[in-house]
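Structural description and commentary
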Amino acid sequence: SHRNHGEEEEDAAAMATRVAASARAFSKLSVGTAGTPRTRGVLRQASHRNHGQIAAQRRGALGAKPVQGLSAKSAIASTASVGVVEASSQSCGDASRQVTTCKGKYKLKTRKAAAKRFKVTGNGKVLRRKQGKQHLNTKKNTKRKRFLSAPAVVEKGDIPNIKASMPNHKIK
């Protein structure tokens, strides 16, 4: 008995759904990220034949540049801007959502270790904790421990290092 063209298409569609279902079953069975690479690759090729072409068309529609010919910084900037509203339509004030700020300049990030150790006052002074009150406190008298509790002002020689670690704070 000969098959019709419509029956062959139905069989192909049923085969594709079976392949996709078995791919999901394999992904659930695999432990860790490696899984069964040979089987997964075959199933992935069968179910997603032109996935690479579709992804390239999407990237082209978004205006993304190929990353291979770019330097490291510009590659990060171009991949970070994919899927975000174009920077030309935004002003510099609206750039807080993006990885890069206006005209491709990187945001300066605060080192959190420094932010936890130092406090900047309203006048721009930097305060720190005094050393000597962590342990062996039984032999220290109350007055000494009380004065060790008070914050101390950071010396002028250490200010440039703290300014570099906390660039968004107003340190004088």
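Worth saying up front: this structure is predicted, and the values here are computed from it rather than measured. (Residues numbered from 1 in each chain as written. Predicted model: local features only at pLDDT ≥ 70, side-chain atom pairs only at ≥ 80, totals over all residues. Heavy atoms only, no water.)

Some points on the overall build of the chain
When its secondary structure is counted, the chain shows seven helices and three strands. Counted from the first residue to the last, the chain has its helices and strands arranged as α-α-α-α-α-β-β-α-β-α. Across the 172 residues that make up the chain, the buried fraction comes to 13%. In the chain, 42% of the contacts between residues at least 6 apart in sequence involve partners at least 24 apart. With an accessible surface of roughly 14400 Å², the chain has 54% of that area assigned to carbon and sulfur atoms. (Helix = DSSP H or I, 4+ residues; strand = E, 2+ residues; numbered from the N terminus. Buried < 20%, exposed > 50% of the residue type's maximum accessible area, 1.4 Å probe, protein only. Contact = heavy atoms within 4.5 Å. Areas by Shrake-Rupley, 256 points an atom, 1.4 Å probe, with all protein chains shown as cover.)

Some thoughts on the sheet that holds strand 3 (residues 152-153)
On the basis of which strands lie adjacent, the open sheet formed by three strands has the order 1-2-3 and antiparallel pairing. Strands with a single pairing partner mark the edges of an open sheet, and in this sheet they are strand 1 (119-120) and strand 3. By the bridge criterion, two bridges tie strand 2 (residues 126-128) to strand 3 in an arrangement that is antiparallel. Considered in strand 3, the bridge of Arg128 is made with Ala152. (Pairing = 2+ DSSP bridges.)

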